[in-house]
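Residues per chain, in single letters:
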Amino acid sequence: MEKLLVISLLLILNSVATSQPVTDPVAFLRCLERQPTDPASPNSAVAYIPTNSSFTTVLRNRIPNLRFDKPTTPKPLAIVAAATWTHIQAALGCARELSLQVRIRSGGHDFEGLSYTSTVPFFVLDMFSFRTVDVNLTDGTAWVDAGVTTGELYYRIAEKSNVLGFPAGLCTTLGVGGHFSGGGYGTMMRKYGLSVDNVVGSGIVDSNGNIFTDRVSMGEDRFWAIRGGGAASFGVVLGYKIRLVPVPEKVTVFNVRRTVAEGGVDLIMKWQSFAHSTDRNLFVRLTLTLVNGTKPGEKMALASFIGMYLGGSDKTFNVMNRDFPELKLKRTDCTEMRWIESVVFWAGYPIGTPISVLLNRTVTTKAFHKRKSDYVKRPISRTGLGLILKKLVEVENVRMFFNPYGGRMGEIPSSRTPFPHRAGNLYKIEYLVSWSEAGEDVEKNQLARAREMYEFMSPYVSKNPREAFFNYRDLDIGSSVNSTYEEGKVYGVKYFKDNFERLVDIKTLIDAENFWKNEQGIPVRR
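Residues numbered from 1 in each chain as written. Predicted model: local features only at pLDDT ≥ 70, side-chain atom pairs only at ≥ 80, totals over all residues. Heavy atoms only, no water.

Going by the annotation in an unreviewed UniProt entry, the name recorded for the chain is FAD-binding PCMH-type domain-containing protein, with Brassica cretica given as the source organism. For the chain, the Sequence similarities (unreviewed entry) comment in UniProt is given as "Belongs to the oxygen-dependent FAD-linked oxidoreductase family." (UniProt positions renumbered as here; feature names shortened; annotations may be inferred.)

What follows is the structure, given as structure tokens:
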């Protein structure tokens, strides 16, 4: 994958693409059989259609959000579980021949289900069989296939080294293909930046089946675009070459909780000035949830300060008491562990859980979810914070996660990658509503809660545009029905700010026909 070459294999199309999509799954299988194939792994052998007994299992295994796993959810014509480059090329050939839309899935964590649903006839190109992780200790890099999960990546790195890691997501079932292509953040971003800030190479297949195996062959514009601009608008990413980062032999984690009644408001106020400006080896996330109050039926906000320091507990204790003494962190609050063990901690497992849990590829406990995001550039006043906490109690069931920026995040130019949210941001907010009860009325109610809290936050967050994180895809901020530039700009400037125009230019240059499209894709310039 690292050699400077381009393998250009032109797809053999046996008929002119139809003007209307073909919706017969059997016709799709026959099309695959007509494409060039590897005798050792026939194209049709990796295809699942609705009449196949494994179709539903393969489809549902990587649908973690039950909002998009309902009987009414549009289903694909087929799933192509590609295991070779030839399988991908064959699938794309049939997409053209049968006028079908392609949805690319690596882990299935697209928050709006766009990697496996569509309102037009489509099939899913599932990348979960692309699972190679090749760690090179000599030059401190690794090649990671698009279908690898973040948990698998962390585990394979730790197999080779106790002092190397990688800055990526907290959830360990995320597929690398989608996670990296949207930016990818984690607990080491204040020290090393985002995942895409540490990507040094990639491989991609274009709509004609041409395979580019490195950044030189694909060109710097395309390479720039797929590091934060959403790779699904530009092709099928095969994988990424990443630069590993140094981690100490021991890191320290802690989780300190305080309710509003225990001085939580004062601590949140202090966190706003501390978290983005402290030692960049320290990452302290703030979460706001609801707990029972002191009176029957009463609810109050609970602030949790969950942190990790890249170093031992003594240093952690000293830095926290210097920069955030109000929290009154105790040595007994701190736990030293290996970096790979901290990955398990951040994923929500109890301390001491074996690291082999990182090899679990699918979400075991599923629920209905809605997520939204915001960026904060100025500290929220005490008055404002009081109103927010009151509103949180009022709407119920909305959790808020505050992730601090600063450090390395503030040093990287906003145009270095498509991800623009750099200097000037104090922290990012994630809003999460989760529920377990099915039903249309229940879903409407829960979505309304998320939207109500989001609207209430308008005075306190970024403006013109109200910025959003692309990895937290949110169709509420705009969607494309006709794939026009005007539609795309509505959400595009929120995700990418000034970088949106460069993404459009690159898209127009390499995919003028807009073969790669979805409800929040990068449009072409007409």
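Still to come is the rest of the account.
Topic: the state of the cysteines
In protein chemistry, a disulfide is the covalent bond that joins the sulfur atoms of two cysteines. Scanning all chains against the criterion turns up one disulfide. Between the sulfur atoms of Cys31 and its disulfide partner Cys94 the distance amounts to 2.2 Å. A torsion of -110° about the S-S bond marks the disulfide between Cys31 and Cys94 as left-handed. Placement of Cys31 in helix α1 (residues 25-34) and of Cys94 in helix α3 (residues 85-97) is noted, with a sequence separation of 63 residues between them. Comparing Cys31 with Cys94 shows no difference in burial state: the two are buried. (Disulfide = S-S within 2.5 Å. Helix = DSSP H or I, 4+ residues; strand = E, 2+ residues; numbered from the N terminus. Buried < 20%, exposed > 50% of the residue type's maximum accessible area, 1.4 Å probe, protein only.)

A few points about the side chain of His179
Tracing the backbone through its elements, the reader meets His179 in helix α5 (residues 176-181). Excluding residues within four positions of it along the chain, His179 makes contact with Thr150, Ala168, Gly169, Leu174, Gly184, Tyr185, Ser195 and Asn471. (Contact = heavy atoms within 4.5 Å.)

Concerning the packing of aromatic side chains
Tallied over the full model, the rule gives 24 aromatic pairs. Relative to Phe123, the ring of Phe28 lies with its centre 4.9 Å away and its plane at 45°, an arrangement referred to as tilted. Of the two residues, Phe28 sits in helix α1 while Phe123 sits in strand β5 (residues 122-126), which places them 95 residues apart along the sequence. A relative accessible area of 0% places Phe123 in the buried class. An angle of 25° between the planes, with centres 5.4 Å apart, marks the rings of Phe111 and Tyr472 as stacked. Highlighted residues: Phe111 in the loop between β4 (101-105) and β5 and Tyr472 in the loop between α13 (440-456) and α14 (485-496), separated in sequence by 361 residues. On the accessibility criterion, Phe111 (16% relative accessible area) is buried. Relative accessible area serves as the criterion here: at 6%, Tyr472 is assigned to the buried category. Here a set of aromatic residues connected by ring pairs shows up, and it is made of Phe111, Tyr185, Phe419, Phe469 and Tyr472. Between Arg502 and the ring centre of Trp224, over which it is positioned, the NZ or CZ distance is 4.0 Å. (Phe/Tyr/Trp six-rings, centres within 6.5 Å; stacked < 30°, edge-to-face > 60°. Lys NZ or Arg CZ within 6 Å of the ring centre and 35° of its normal.)

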